[in-house]
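Fold and geometry: a report
Residues per chain are reported as follows:
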Amino acid sequence: MELRSDSFADGAAIPTKNAFGRFHPETHVELSENLSPHLAWSGVPEGTKSFAILCTDSEVPSRGDDVNQDGRTVPLDLPRVEFVHLALVDLPASVRELGEGALSKGVTVHGKGTLGVHGSKQGLNDYTGWFAGDPHMKGDYHGYDGPCPPWNDERLHVYTFTVLALDVASLGVEGSFTIADARDAMKGHVLAKASLTGTYAIYPKAVRAK
């Protein structure tokens with residue numbers, strides 16, 4: 001399988017229009033257009049009955065002590081963990097492309113619902129936990145919400161989009177499932193997969209980890 005995007009080239013920077021947050025010279029960060037990127041895939045194996053699409057950031061700080069703190073930066077060498085931006089399952093096997101904005105147009109305060117495009121199901125992303133203590137933003141965030149790394153993070157974040165071809169029409173996950181639920185349900189059902197990566201940062205001096 002092969003996966004491509006007209007929104008950004010594999011390994012290149014993700015445009016701010018596809019991000020949740022962007023740089024602001026006075027407030028450090030502001031909400032962006034949050035358009036899900038265009039995705040198209042080919043080379044689908046025979047026997048495919050549905051697709052799953054995942055998006056994760058592998059560069060999230062493992063500690064929050066310095067995150068978004070004036071006068072401080074998140075160190076480049078701080079150990080990193082995964083942050084989920086999308087867990088979508090049960091996308092029909094007839095689909096080969098999602099246009100820009102198909103999964104998200106703008107920031108939905110308190111989060112989008114569980115129903116996705118073409119009858120697919122949208123799991124929780126990690127903004128659910130990130131905004132849990134914010135009365136203005138908290139909620140269950142399903143589907144795609146784009147990049148918004150800490151505005152003072154020295155590290156350039158790397159986002160991986162993966163499309164998986166599955167041999168079942170439905171994974172049987174329901175409601176507010178997580179990416180862990182989806183991954184468990186996919187075991188033994190993945191016929192093929194394809195990925196592409198994009199980078200994003202809000203901190204102007206961010207660099208890629210070696």
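Scroll up a little and you will see the structure.
Summarised in this report is the structure supplied together with it. As the structure is a prediction and not an experimental result, all values here were calculated from the model.

Observations concerning the overall build of the chain
Regarding its fold elements, the chain presents two helices and ten strands. Secondary structure elements of the chain, listed N to C terminal, follow the sequence β-β-β-β-β-β-β-β-α-β-α-β. Here the chain has a C-alpha radius of gyration of 17 Å; the compact-globule value for 210 residues is 17 Å, and the two agree. In terms of overall dimensions, the chain has C-alpha extents of about 55 × 35 × 30 Å along its principal axes. The buried share among the 210 residues of the chain stands at 47%. Summarising the internal contacts of the chain: among those between residues at least 6 apart in sequence, 76% fall at separations of at least 24. Approximately 9600 Å² of the chain is accessible, and the part contributed by carbon and sulfur atoms is 51%. Computed over 19 positive and 27 negative side-chain charges, the separation of the two mean positions in the chain equals 2 Å.

Description of the sheet that holds strand S9 (residues 157-166)
Spatially, the five strands line up as an open sheet ordered S8-S6-S5-S9-S10, and their pairing is antiparallel. The sheet terminates laterally at strand S8 (121-122) and strand S10 (190-200), the two strands that pair on one side only. With eight bridges connecting them, strand S5 (residues 50-61) and S9 associate as antiparallel partners. Across the sheet, Ile53 pairs through a bridge with Val163, a residue of S9. Sitting on the sheet, helix H2 (residues 179-186) touches S5, strand S6 (80-92), S9 and S10, and the angle it makes with S5 is about 135°.

What about the pairing of strand S3 (residues 28-31)?
As judged from the four bridges shared by strand S2 (residues 21-24) and S3, these two strands associate in the antiparallel manner. Residue pairing in the sheet places Arg22 in a bridge with Glu30 of S3. Taking the residues between adjacent antiparallel strands as the criterion, S2 and S3 are bridged by three residues.

So, the pattern of salt bridges
Enumeration according to the criterion identifies 13 salt bridges in this entry. Arg22 serves as the salt-bridge partner of Glu30, at 2.9 Å between the closest nitrogen and oxygen. Taking the relative accessible area as the measure of exposure, Arg22 reaches 26% and is therefore partly exposed. Between Arg80 and Asp153 there is a salt bridge; the shortest N-O distance is 2.7 Å. Here the residue Arg80 occupies a position in strand S6, and Asp153 occupies one in the loop between helix H1 (127-130) and S9, the gap between them amounting to 73 residues. Asp153 carries the same exposure label as Arg80, and that label is buried. A network of salt bridges, in which partner residues are shared, links Arg22, Glu30 and Glu33.

Some points on the pairing of S6
Judged by how many residues are buried, S6 sits mostly within the fold: ten of 13 residues are covered. Examined bridge by bridge, S5 and S6 share nine bridges and lie antiparallel to one another. Looking across to S6, one finds that Ile53 is bridged to Leu88.

Regarding unusual backbone geometry
Phi is positive for Asn34, close to 55°, though the residue is something other than glycine. Structurally, Asn34 is set in the loop between S3 and strand S4 (39-42). Given the relative accessible area of 0%, Asn34 is considered buried.

What to know about the packing of aromatic side chains
In total, this model carries eight aromatic pairs according to the counting rule given. Taking 5.1 Å as the distance between ring centres and 75° as the angle between the ring planes, the aromatic pair formed by Phe83 and Tyr127 counts as edge-to-face. Placement of the pair is Phe83 in strand S6 and Tyr127 in helix H1, with a sequence separation of 44 residues. Residue Phe83 is classed as buried on the basis of its relative accessible area of 13%. Between Tyr127 and Phe131 the ring centres are 5.7 Å apart and the planes differ by 20°, which places this aromatic pair in the stacked class. Residue classification places Phe131 among the buried positions, given a relative accessible area of 10%.

Criteria and cut-off values
- Residues numbered from 1 in each chain as written.
- Predicted model: local features only at pLDDT ≥ 70, side-chain atom pairs only at ≥ 80, totals over all residues.
- Heavy atoms only, no water.
- Helix = DSSP H or I, 4+ residues; strand = E, 2+ residues; numbered from the N terminus.
- Rg over C-alpha atoms; globule rule 2.2 N^0.38 Å.
- Buried < 20%, exposed > 50% of the residue type's maximum accessible area, 1.4 Å probe, protein only.
- Contact = heavy atoms within 4.5 Å.
- Areas by Shrake-Rupley, 256 points an atom, 1.4 Å probe, with all protein chains shown as cover.
- Lys, Arg positive; Asp, Glu negative; His and termini not counted.
- Charge placed at Lys NZ, Arg CZ, Asp CG, Glu CD.
- Pairing = 2+ DSSP bridges.
- Axes fitted to C-alpha atoms, helices over the stretch in contact; angles between N-to-C directions.
- Salt bridge = Lys/Arg side-chain N within 4 Å of Asp/Glu carboxyl O.
- Phe/Tyr/Trp six-rings, centres within 6.5 Å; stacked < 30°, edge-to-face > 60°.

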